[in-house]
Amino acid sequence: MTLSIIVAISANNVIGTYNQLPWHLPADLQYFKSLTVDHPILMGRKTYESIGRPLPKRTNIVITKDQSFHHDGLEIKHSINEAIDFCKAKKYDEVFIIGGDTIYSQTIHLTDKLYITRVDIHIENGTAFFPVIDMNQWKLISSEERKSDEKNHVDMTFEVYEKASIH
Ligand SMILES: NC(=O)c1ccc[n+]([C@@H]2O[C@H](COP(=O)([O-])OP(=O)(O)OC[C@H]3O[C@@H](n4cnc5c(N)ncnc54)[C@H](OP(=O)(O)O)[C@@H]3O)[C@@H](O)[C@H]2O)c1
C-alpha cells in the first residue's frame, strides 16, 4: 500500500487560515480531484469540518478522539494507527492523506509519496502549517508549472516526490 500526502503549501509554508484554505484555486481542486477519486482519503476532524461534507467517489476516513462523532458517509477512526490498519486490511493500493497540519505531522514519517502544490504566495495570517521536512530524504519525480489565469489568481507548481530511500 502506498501512503501519499497531498497538500498545497504557500511560499512561507502555510496550509490554512482559521480552518479554511487561504486561497481559492480551482485548478488545484481539479488536480486534487483527479488524483484522489476512486481512492480513500484520510483526514483530521477539523479538515473534514472545513470541507463540510464527504467528498464523493472516495472512501472518506476521518480521525477524531471524539467517540460520539458520527456522520453518514464517513469511516470514523480514533487514532492514526487505527486508520492505517483499516486501510491495510482493505488492501487499498494508494491512500491519500489530505490533512490538516496535525495529521501531516503525525504521518510524514510513514509516507511514501508527496504530492505538493507549491502556491506562489506569502500568507501573513497562517494558522496551519506543513511540517518542516528534510527534502534530502525526498526525490523529485515530476514538476509541472501552472501560471495564474482569470480563475486562479497565483502561479502554482505541481510537484511529486518519492521517498529517496526507496530508490
Ligand atoms: N493546504 C492544504 O492542502 C490543506 C489540506 C488540508 C487541510 N488544510 C487546512 O488545515 C487546517 C486544519 O488543520 P488542523 O491541523 O487544524 O486540523 P486537522 O489535522 O484537520 O484535524 C485535527 C483534529 O484531528 C483529530 N486528530 C488529530 N490527530 C489525532 C490522533 N492522533 N488521534 C485521534 N484524533 C486525532 C482531532 O480531532 P478531535 O478534536 O475531534 O479529537 C484533532 O482536533 C485548516 O485550515 C484546513 O483548511 C489545508
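Residues numbered from 1 in each chain as written. Predicted model: local features only at pLDDT ≥ 70, side-chain atom pairs only at ≥ 80, totals over all residues. Heavy atoms only, no water.

S.K.: Quick rundown of the overall build of the protein? Include the residues and the values.
M.R.: Across its full length, the protein holds four helices and 10 strands. Seen in sequence order, the protein has helices and strands lined up from the N terminus as β-β-α-β-α-β-β-α-β-α-β-β-β-β. Relative to a compact globule of 167 residues, whose C-alpha radius of gyration would be 15 Å, the protein shows 15 Å and is just as compact. Seen through its principal axes, the protein has C-alpha atoms that stretch 40 × 40 × 25 Å. (Helix = DSSP H or I, 4+ residues; strand = E, 2+ residues; numbered from the N terminus. Rg over C-alpha atoms; globule rule 2.2 N^0.38 Å.)

S.K.: How would you summarise the sheet that holds strand S6 (residues 94-99) if you had to cite specific residues and measurements?
M.R.: In spatial order, the strands read S5-S4-S3-S6-S1-S7-S10-S9; together these eight strands make up an open sheet with mixed pairing. The two strands at the open ends of the sheet, each matched to only one other strand, are strand S5 (74-77) and strand S9 (138-146). Between one strand and the next, the sheet's axes are offset by a mean angle of 20°, whatever the strand orientation. Here strand S3 (residues 41-44) runs beside S6; their pairing, made up of three bridges, is parallel. Across the sheet, Leu42 pairs through a bridge with Ile97, a residue of S6. Strand contacts of helix H1 (residues 26-36): strand S1 (2-10), S3, S6, strand S7 (113-119), S9 and strand S10 (156-163), with the helix running at about 30° to S10, the strand carrying the most contacts. (Pairing = 2+ DSSP bridges. Axes fitted to C-alpha atoms, helices over the stretch in contact; angles between N-to-C directions. Contact = heavy atoms within 4.5 Å.)

S.K.: An account of the layout of surface pockets is needed here, citing residue identities and associated values.
M.R.: In this structure, the largest pocket spans a volume of roughly 1,300 Å³. In this structure, the largest pocket is lined by 45 residues; those nearest its centre are Thr47, Ser50, Ile98, Gly99 and Gly100. Mapped by element, the contributors of at least two residues to the lining of the largest pocket are S1, strand S2 (14-16), H1, helix H2 (45-51), S6, helix H4 (101-107) and S7. Residues belonging to the lining of the largest pocket are distributed by class as follows: 20 nonpolar, 17 polar and eight charged. (1 Å grid on protein atoms, 1.4 Å probe; cavity = no way out; pocket = protein on both sides within 12 Å on 5 of 7 lines; lining within 4 Å. Points joined across faces, edges and corners; volume = space filled by probe spheres on them. Nonpolar A, V, L, I, M, F, W, Y, C, P; charged D, E, K, R; others polar.)

S.K.: Describe in detail the packing of aromatic side chains, supporting the description with residues and values.
M.R.: Counted by the stated rule, this structure contains five aromatic pairs. Geometrically, the ring pair formed by Tyr31 and Phe158 is stacked, given 4.1 Å between the ring centres and 25° between the ring planes. With Tyr31 in helix H1 and Phe158 in strand S10, this pair connects stretches of sequence that are 127 residues apart. Each member of the pair, Tyr31 as well as Phe158, carries the same accessibility label: buried. (Phe/Tyr/Trp six-rings, centres within 6.5 Å; stacked < 30°, edge-to-face > 60°. Buried < 20%, exposed > 50% of the residue type's maximum accessible area, 1.4 Å probe, protein only.)

S.K.: Pulling in residues and values, what's your account of the environment of Glu82?
M.R.: Mapped onto the elements, Glu82 comes out in helix H3 (residues 80-90). In sequence terms Glu82 and Ile63 are 19 residues apart; their C-alpha atoms lie 8.9 Å from each other. Look past the residues within four positions of Glu82 in its chain and what remains in contact with it is Ile76 and Lys77.

S.K.: So what about the site of the ligand? Which residues, and what values?
M.R.: Taken together, 29 residues lie around the ligand, and Arg45, Thr47, Thr64, Lys65 and Thr102 are the ones closest in. The contact in question runs from an oxygen atom of the ligand to an N or O atom on the backbone of Gly100, over 3.1 Å. Taking Asp101, its main chain carries an N or O atom lying 3.2 Å from an oxygen atom of the ligand. Coverage of the ligand by the protein amounts to 86% of the 930 Å² it exposes when considered alone. Elements with a contribution of two residues or more to the shell around the ligand: S1, S2, H2, S6 and H4. In terms of residue count, the dominant contributor to the shell around the ligand is H4 (five residues). Its residues placed into classes, the shell around the ligand shows 10 nonpolar, 14 polar and five charged. (Near = heavy atom within 4 Å. Polar contact = N/O pair within 3.5 Å; in protein donor to acceptor, adjacent residues only side chain to side chain. Areas by Shrake-Rupley, 256 points an atom, 1.4 Å probe, with all protein chains shown as cover.)

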